[in-house]
Amino acid sequence: MESSNYLSNLDEWIKMQKNLLATLKELEKKYQNSSSDRLDLILATRVAFQHILRTIKAFDQWLQDPQIIKHMPKEMLEDVMKTTWELLENLLELDIRHTSEFKDLVVKLSKEGKLDPLIWSRPVEEGQQPQQTRRGFMPM
């Protein structure tokens, strides 16, 4: 790959990520200062997930590129690993907290008879096998 083209692609990626970060910070103020409805919050979170997934995929490809890994100093790799592990830890803590709180809410609503019967076919009890589980990564 021609080096000027390669550097131009890197510059374009940096510019795009900086623009996205600026937009995110503007939107963050909007969501903090308004009474967003549930749909707004869901859409904003899903957009964030999409950008996170895209960035992680690009970072993973980046760390498989011989042009990158041949020349990246150990200190940069340590920074990437440390930051990535912090992100993973925060994500796992969020997932555990959110899933636990939601499970408790579903049990409470079930006991009160407030679960939508179109979605929940029968009452939910503590310790019962769930009808649905989060799909995705299986535990190691």
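Residues numbered from 1 in each chain as written. Predicted model: local features only at pLDDT ≥ 70, side-chain atom pairs only at ≥ 80, totals over all residues. Heavy atoms only, no water.

Student: Give a description of the overall build of the protein chain that names residues and reports values.
Tutor: Each helix and strand counted, the protein chain has 4 helices and 0 strands in total. By the burial criterion, 6% of the 140 residues in the protein chain qualify as buried. When the accessible surface of the protein chain is split by element, carbon and sulfur atoms take 61% of a total near 12900 Å². (Helix = DSSP H or I, 4+ residues; strand = E, 2+ residues; numbered from the N terminus. Buried < 20%, exposed > 50% of the residue type's maximum accessible area, 1.4 Å probe, protein only. Areas by Shrake-Rupley, 256 points an atom, 1.4 Å probe, with all protein chains shown as cover.)

Student: With reference to specific residues and values, describe the UniProt feature "coiled-coil region" (unreviewed entry) in the protein chain.
Tutor: The sites that carry the UniProt feature "coiled-coil region" (unreviewed entry) are, in the present numbering, residues 10-37. Helix makes up 82% of residues 10-37 and strand 0%. Its end C-alpha atoms lie 38 Å apart. (UniProt positions renumbered as here; feature names shortened; annotations may be inferred.)

Student: Lay out the packing of aromatic side chains with the relevant residues and their values.
Tutor: For the structure on display, the rule yields 0 aromatic pairs. The lysine or arginine in question, Lys30, covers the ring of Tyr31, its NZ or CZ lying 5.3 Å from the ring centre. (Phe/Tyr/Trp six-rings, centres within 6.5 Å; stacked < 30°, edge-to-face > 60°. Lys NZ or Arg CZ within 6 Å of the ring centre and 35° of its normal.)

Student: Break down the confidence of the model for the protein chain for me, citing the residues and quoting the values.
Tutor: When pLDDT is averaged along the protein chain, the result is 87; 86% of the residues meet or exceed 70. Averaged pLDDT values for the elements of the protein chain fall to 90 in helix H3 (residues 66-69) and rise to 96 in helix H4 (residues 74-111). (pLDDT = per-residue confidence, 0-100.)

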